[in-house]
Amino acid sequence: MRWTFVVIALAASHGVLAETISGTVITVIDGDTITVSDEARKRYRVRLAGVDAPAAKQAFGLESARSLAALCYRKAAKVEWKERKSSVHLGQVTCEDKDAGAEQVRRGLAWVSPQQLTAGSALPEMEAYARLRKIGLWADENPVPPWEWREK
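Draft legend 1. How the structure looks around the packing of aromatic side chains. A full pass over the atoms with the stated rule returns two aromatic pairs. Residues Trp111 and Trp138 carry aromatic rings whose centres are separated by 5.5 Å and whose planes lie at 70° to one another, so their mutual orientation is edge-to-face. Highlighted residues: Trp111 in strand β8 (residues 111-112) and Trp138 in the loop between α4 (123-132) and α5 (146-151), separated in sequence by 27 residues. Neither residue differs from the other here; Trp111 and Trp138 are each classed as buried.

Written as structure tokens, this is what we have:
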């Protein structure tokens, strides 16, 4: 009887666990979206979890994309993802032992996404640091978050 309970509990919890994609970043689409190709050459579009970067045509959009490219393009990446919307995986991306999303926020080239904020995250502190020092997009007198910019 106990084994049945353990098996059911493990099966139910499987949907909550993160899955991992490992491969090489072959495309940087913008400041928070990449394409990863695994060893079997399967491609995955991945959005950095917890952050929202300026859109391509928005102020600092190009700088944000270039920053993410410097961090990850043609480098090994590990993606811990829990959510998939359509063909896009939402996950924490690590390129050469650096958390790409956290680094984008620290560099002032992405906002912390209020819709994806998780308890205990260090991202808000990193954003506050960049804001106070007017790093990246925070040098702009009135930076517009991408979720507001898209509504216009």
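So that's the structure; there's more coming.
Draft legend 2. Layout of the nonpolar core. Of all hydrophobic cores here, the largest spans 24 residues; its most connected members are Val25, Ile34, Val36, Leu68 and Val93. Where this core is concerned, the elements lending two or more residues are β1 (19-30), β2 (33-37), β3 (43-48), α2 (61-72), β5 (76-85), β6 (88-95) and α3 (100-106). Once you skip the residues sitting within four places of it in the chain, Val36 turns out to touch Ile21, Gly23, Thr24, Val25, Lys42, Arg43, Tyr44, Val46, Ala77 and Val79.

Draft legend 3. Up close: the environment of Gly108. Looking at where Gly108 falls in the secondary structure, it is placed in the loop between α3 and β8. Linking Gly108 and Ala139, residues 31 residues apart in sequence, is a C-alpha distance of 8.8 Å. Every residue in contact with Gly108, bar those within four places of it in the chain, is listed here: Ala130, Ile135, Gly136, Leu137 and Trp138.

What counts and how
Residues numbered from 1 in each chain as written. Predicted model: local features only at pLDDT ≥ 70, side-chain atom pairs only at ≥ 80, totals over all residues. Heavy atoms only, no water. Phe/Tyr/Trp six-rings, centres within 6.5 Å; stacked < 30°, edge-to-face > 60°. Helix = DSSP H or I, 4+ residues; strand = E, 2+ residues; numbered from the N terminus. Buried < 20%, exposed > 50% of the residue type's maximum accessible area, 1.4 Å probe, protein only. Core = buried A, V, L, I, M, F, W, Y, C linked by side-chain atoms within 4.5 Å. Contact = heavy atoms within 4.5 Å.

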